[in-house]
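# Breakdown of the fold
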Amino acid sequence: MTQKEIIVEKASQMFVNQGIKAVRMDDIAQELSISKRTLYELFGDKEELIYESISLFIKQGRERRRQQCMQVDNVLEIMLLNLRDMIHQAPTANRMRRNLQRFYPSVYKRLEGDEKHDTSHELRTWIRECIERGYFTKTADSDFVVKVLQSSVNGIMMADRCDIGDAQEVVYMMTYATVVFIRGLCTTQGMEIIDMCFDNYFGNITPSATL
């Protein structure tokens, strides 16, 4: 890894674990035993370092999901596995999103545009393939389904209860809102797959479950 890649990796971990606003350039320099001047020479300012660090966090999430799905050849199961991982990460991702929106709005706009486009594209691809394979009814509209899924997730994340930090309850609500909605799109064949996947991948998620 280059020095820049090492810095981005460490900064990403610090931003995720400690909070974007709380971590200063001084803290990152001290953690890596480098000068703050080096950071500014490589990134220009903190906002660019934040952008590259959170972009890495998002990229690592996609790679983790790709690895989880390597042995799966059923597109509906792949879709559910990806959604499960996204749901588990949602409380952390939403906390960072709110901090960015409040303290670094320009970085927020860049990242939000990138992520929204990529996630929407993935969802549409899975939905269209599920229709082709006969798992979803032919009346399912991929664009509308994506909008409903994203609106449901955003609505839950913006609910007042999210402000009290009850990540377990948020995960529980998102899981059922998402899976129940997707099941409503399914044919008989799709229902069999989604019920099997729910037992295998989501069955341990209850309001009192530990993440």
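Residues numbered from 1 in each chain as written. Predicted model: local features only at pLDDT ≥ 70, side-chain atom pairs only at ≥ 80, totals over all residues. Heavy atoms only, no water.

### Observations regarding the overall build of the chain
For the chain, the count of helices and strands is nine helices and zero strands. Starting at the N terminus and ending at the C terminus, the chain contains elements arranged as α-α-α-α-α-α-α-α-α. Across its three principal directions, the C-alpha atoms of the chain cover 60 × 35 × 30 Å. The long-range share in the chain, meaning contacts at least 24 apart out of those at least 6 apart in sequence, stands at 69%. With an accessible surface of roughly 11,700 Å², the chain has 50% of that area assigned to carbon and sulfur atoms. Computing the positive centroid from 27 side-chain charges and the negative centroid from 30, the chain places the two 4 Å apart. (Helix = DSSP H or I, 4+ residues; strand = E, 2+ residues; numbered from the N terminus. Contact = heavy atoms within 4.5 Å. Areas by Shrake-Rupley, 256 points an atom, 1.4 Å probe, with all protein chains shown as cover. Lys, Arg positive; Asp, Glu negative; His and termini not counted. Charge placed at Lys NZ, Arg CZ, Asp CG, Glu CD.)

### Some details on the side chain of Ser142
Inspection of the secondary structure puts Ser142 in helix 7 (residues 142–158). In contact with Ser142, not counting residues within four places along its chain, are Arg124, Ile127 and Arg128.

### Looking at the nonpolar core
With 30 residues, the main nonpolar core has Leu76, Met79, Leu123, Ile127, Phe136 and Ile182 as its most contacted residues. Elements with a contribution of two residues or more to this core: helix 5 (75–103), helix 6 (105–133), helix 7, helix 8 (167–183) and helix 9 (188–202). No other element matches helix 5, which puts seven residues into this core. (Core = buried A, V, L, I, M, F, W, Y, C linked by side-chain atoms within 4.5 Å. Buried < 20%, exposed > 50% of the residue type's maximum accessible area, 1.4 Å probe, protein only.)

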